[in-house]
Amino acid sequence: MFREGLRPPDPFREQPVLERAHSQDGMSLQSLSELSPVLAVCLPALSSKACGRMLTDLSSARSAIETAGARLALVHMGDDAEAAAAFAPHDLQYVARVSDPACELYRLFELGEAAKRRWLVRRAEPQQLPGAVVLSDGEVRAAIRPEAFGEALDYVSLLS
């Protein structure tokens, strides 16, 4: 039934994270990275000021990112409608959006968590740090992994 050396797909084999992570258009990050380099930017919480600053910076850098031959993909922890609404004021609504509420991509890209103190409850609560990676053919080729919120990310130099 199958040629020698070929086996049917294993239904119990877990699909790699880059193949499971799809944009709003249904393209996986794996597939996008096989078409051209991808600058995958992992955002903090969509409602945060840090996210707004990052989106403003990305909007300004977008033409330089595309001139460098990379495709931009924004990874977020919210749902797609929430992300589209957050990205629209920055003219980024048509950029590849990848929802990652379980933070699988953040872990794959080795982005850490920061402890955030809640004022009223007085307990530590993890908050996902942002970062950016360049993907090519499914491999991380370069990365920015800040250790704290507020660190400036130089997206364009990451591509060179």
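Just above sits the structure.
Scope of this entry: the structure provided in the associated data block. (Residues numbered from 1 in each chain as written. Predicted model: local features only at pLDDT ≥ 70, side-chain atom pairs only at ≥ 80, totals over all residues. Heavy atoms only, no water.)

### Looking at the pattern of salt bridges
Inclusion rule: Criterion for a salt bridge: a side-chain nitrogen of Lys or Arg within 4 Å of a carboxyl oxygen of Asp or Glu. Each helix is a run of H or I in the DSSP string that is no shorter than four residues. Each strand is a run of E no shorter than two, and both are numbered from the N terminus. A simple rule labels every residue: compare its accessible area, found with a 1.4 Å probe on the protein chains alone, to the largest value its type can have, and call it buried under 20%, exposed over 50%, or partly exposed in between.
Following the criterion strictly, the structure yields 3 salt bridges and no others. Between glutamate 104 and arginine 20 there is a salt bridge, with its nearest N and O atoms 2.5 Å apart. Taken together, the residues glutamate 104 in helix 5 (residues 104-108) and arginine 20 in helix 1 (residues 17-20) connect sequence positions 84 residues apart. For arginine 20, a relative accessible area of 26% corresponds to the partly exposed category. Between arginine 97 and aspartate 80 there is a salt bridge, and its shortest N-O distance comes to 2.7 Å. In this pair, arginine 97 is assigned in strand 3 (residues 96-99) and aspartate 80 in helix 4 (residues 80-87), connecting sequence segments 17 residues apart. We classify aspartate 80 as partly exposed; its relative accessible area is 31%.

### Focus: the nonpolar core
How we decide: Buried residues of nine kinds, namely Ala, Val, Leu, Ile, Met, Phe, Trp, Tyr and Cys, make up a nonpolar core once their side-chain atoms join them within 4.5 Å. When checking whether two residues touch, look at their non-hydrogen atoms; a contact exists if any pair is within 4.5 Å.
With 23 residues, the main nonpolar core has Leu39, Val41, Leu43, Leu58, Leu72, Leu74 and Tyr155 as its most contacted residues. Listed by contribution, the elements that provide at least two residues to this core are strand 1 (38-42), helix 3 (49-67), strand 2 (71-76), helix 4, strand 6 (131-136) and helix 6 (155-158). Per-element accounting of this core gives the leading share, 6 residues, to helix 3. With residues up to four places along the chain from it excluded, the contact list for tyrosine 155 reads Leu39, Val41, Met54, Asp57, Leu58, Ile65 and Ala132. Judged by nonpolar contacts, the second largest core, of 19 residues, contains Leu29, Val75, Ala96 and Leu111.

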